[in-house]
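Coordinates in review
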Amino acid sequence: MIGQHRLILEPREVPLGGVRGMNVLRALPHRNLPTIGAWCFLDRFGPADTRMRVEPHPHIGLQTVTWPLVGEIRHRDSLGSDADLRRGQLNLMTAGNGISHSEYSIGEDPIPLDALQFWVVLPDAARHGAAGFERHTELPGLTVPAAEGADAEVTVVLGDFAGVLSPATVHTPIVGAEVVLAPGSRVRLPLRPDWEHALMLVEGDAVVAEHRLDRNGLLYLGDSREEVEVSSGEGALLFLLGGEPFEDDIVMWWNFAGRTHDEIAAAREEWEGASDRFGVVPGHDVRIPAPPLPPVRLMPRSRKL
């Protein structure tokens, strides 16, 4: 067991320049915490008026979870998937042994855009398997009774929350859920004590486990909790992520999640060599080249909590 923790993971600004033409806020991985459950990456891109053009790029060993807040995003991949995505819908791409995809905002002009982008690391049983893509336009929800004020509304995006299951495919015990608090409300969100959890404040104001969160702040709660108290004065939109602690050491570099330096280096070489491993995304004449590997061997990210 990890035990109860209250660690605020402050997001850092990462410039993506020509890739998305904007800066993003990255809350995960953190230097002391590479994963929360199997969640290994969390970016918020926006809010901004922008023209997103993410050209084809590869992934291995993970799932991408796109959760839009404002605007529409077009996803195309090497499986032939071509899907638009808007608020309340989920795009889930499973890389397995290899996939490539692109992400564009809709239209040719800058549009208001805001979204959360997550990665989920795959266990050995799935990371060498076939790639896949799912689009879910209807996701289950539930109401959490309030201790004060109005009840909270929860949308289960991925995995299991309070016995309510998302239809999206998962490969580890996991939860990803959007939580909406009404102004002046206080609720106790049920948690699984054998899982670790964290809460991110997306919009509004919130006090979580007696900590006041800043917007985009991610509060890591550890495990061994059956519930967490959350309150809001003006109302809040939060995202809950967690799951069974992921025990494997992982090596993350660029868009790859593996276990060793050699595995990452081989994937990079195959992408640069236009290997069949990553396929071709229809409708594109250019793709993103891989950056050079660092001059030292890549090492697994270590948990310090």
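See the structure above.
Worth saying up front: this structure is predicted, and the values here are computed from it rather than measured.

Parameters and conventions
Residues numbered from 1 in each chain as written. Predicted model: local features only at pLDDT ≥ 70, side-chain atom pairs only at ≥ 80, totals over all residues. Heavy atoms only, no water. Helix = DSSP H or I, 4+ residues; strand = E, 2+ residues; numbered from the N terminus. Buried < 20%, exposed > 50% of the residue type's maximum accessible area, 1.4 Å probe, protein only. Polar contact = N/O pair within 3.5 Å; in protein donor to acceptor, adjacent residues only side chain to side chain. Contact = heavy atoms within 4.5 Å. Pairing = 2+ DSSP bridges. Axes fitted to C-alpha atoms, helices over the stretch in contact; angles between N-to-C directions. Phe/Tyr/Trp six-rings, centres within 6.5 Å; stacked < 30°, edge-to-face > 60°. Lys NZ or Arg CZ within 6 Å of the ring centre and 35° of its normal. Core = buried A, V, L, I, M, F, W, Y, C linked by side-chain atoms within 4.5 Å. Expected span 1.5 Å × (residues − 1). Arc of directions from axis to C-beta. Salt bridge = Lys/Arg side-chain N within 4 Å of Asp/Glu carboxyl O.

Moving on, we come to the side chain of His197. Here His197 lies in strand β19 (residues 196–204). By relative accessible area, His197 is classed as buried at 4%. In this structure the side chain of His197 is engaged in a polar contact, spanning 3.4 Å, whose partner is the backbone oxygen of Trp195. If near-sequence neighbours (up to four positions away) are discounted, His197 is found in contact with Ile36, Val175, Leu191, Arg192, Leu219, Tyr220, Leu221, Gly222, Leu240, Leu241 and Gly242.

On to the sheet that holds strand β10 (residues 99–105). Read across the open sheet, the 4 strands follow the order β5-β10-β7-β8; overall the sheet is antiparallel. Each edge of the sheet is formed by a strand with only one pairing partner; in this case those strands are β5 (53–59) and β8 (82–85). The mean inter-strand angle of the sheet, taken between neighbouring strand axes irrespective of direction, is 20°. In this sheet, β8 lies alongside strand β7 (residues 73–77) in antiparallel orientation, the contact comprising 4 bridges.

Sheet architecture is open: 5 strands sit in the order β14-β18-β23-β20-β21, paired in antiparallel fashion. Each having just a single partner strand, β14 (146–148) and β21 (211–213) make up the two edges of the open sheet. Pairwise comparison of adjacent strand axes, ignoring direction, gives a mean angle of 30° for this sheet. Sheet topology places strand β20 (residues 206–208) next to strand β23 (residues 227–232); 2 bridges connect them, and they run antiparallel. Across the sheet, Val208 pairs through a bridge with Val230, a residue of β23.

What follows concerns the packing of aromatic side chains. To describe a pair of aromatic rings, one takes the distance between the centres and the angle between the planes. Going through the model one piece at a time under the given rule, you end up with 8 aromatic pairs. Measuring from ring centre to ring centre gives 4.0 Å for Phe41 and Trp119, while their planes differ by 15°; the resulting arrangement is stacked. Highlighted residues: Phe41 in strand β4 (residues 39–50) and Trp119 in strand β11 (residues 111–121), separated in sequence by 78 residues. Assigned by exposure class, Phe41 and Trp119 land together as buried. Members of the aromatic cluster, each reached through a chain of ring pairs, are Trp253, Trp254, Phe256, Trp271 and Phe278. Here the guanidinium or amino end of Arg76 rests over the ring plane of Tyr104, the centre of that ring lying 5.2 Å away. The aromatic ring of Trp271 is capped on one face by Arg287, whose charged end is 3.7 Å from the ring centroid.

We now examine the environment of Glu55. In this fold, Glu55 is placed in strand β5. Distance in space between the C-alpha atoms of Glu55 and His101 is 7.6 Å, their sequence separation being 46 residues. When residues no more than four places from it in sequence are discounted, the contact partners of Glu55 are His101, Ser102, Tyr104, His284, Val286, Arg287 and Ile288. A polar contact of 2.8 Å, which involves the side chain of Glu55, links it to the side chain of Tyr104.

Moving on, we come to the nonpolar core. The nonpolar side chains of soluble globular proteins are, as a tendency, buried together. Residues Trp39, Trp67, Leu116 and Leu218 are the most contacted members of the largest nonpolar core, which totals 38 residues. Sort the elements by how many residues they give to this core and β11 lands first, with 5 residues. When neighbours within four sequence positions are excluded, Leu218 is seen to be in contact with Leu7, Ile8, Leu9, Ala27, Ile36, Leu42, Ala198, Leu199, Met200 and Leu241.

Here strand β13 (residues 141–144) shows a clear split, with Leu142 and Val144 buried on one side and none of Gly141 and Thr143 buried on the other. In the sheet, β13 pairs with strand β15 (residues 152–161) via 4 bridges, with the strands oriented antiparallel. By the bridge assignment for β15, Val144 is matched with Ala152.

The subject of this paragraph is unusual backbone geometry. Here the bond from Leu28 into Pro29 is cis, since omega is 5°, no more than 30 degrees from zero. By the secondary structure assignment, Pro29 is in the loop between β3 (23–28) and β4. A cis amide bond, omega 0°, links Gly46 with the succeeding residue Pro47. Mapping Pro47 onto the fold places it in strand β4.

So, about helix α2 (residues 261–272). A rise of 1.5 Å per residue sets the reference length of α2, with its 12 residues, at 16 Å; its end C-alpha atoms lie 17 Å apart and thus fit the reference within 8%. Those residues of α2 that fall on the buried side of the exposure criterion are His261, Glu263, Ile264, Ala267 and Trp271. Buried residues of α2, seen end-on, are gathered within an arc of 165° and therefore sit on one face of the element. Check the buried side of α2 and you find it contacts β5, β10, α1 (124–127), β25 (251–253) and β26 (256–258). Positive phi shows up at Ala274, right after α2, with a value of about 55°.

Turning our attention to the pattern of salt bridges. Taken as a whole, this structure holds 20 salt bridges when the rule is applied. Between Arg44 and Glu203 there is a salt bridge, with the nearest N and O atoms lying 2.6 Å from each other. Of this pair, Arg44 sits in strand β4 while Glu203 sits in strand β19; the two residues are 159 residues apart in sequence, bridging distant segments of the chain. Exposure remark for Glu203: the relative accessible area of 29% places this residue in the partly exposed category. Residue Arg215 pairs with Glu203 through a salt bridge whose shortest N-O separation is 3.1 Å. Of this pair, Arg215 sits in the loop between β21 and β22 (218–222) while Glu203 sits in strand β19, and the two are 12 residues apart along the sequence. For Arg215, a relative accessible area of 38% translates into the label partly exposed.

Geometric descriptors of this kind do not, in isolation, establish any biological role.
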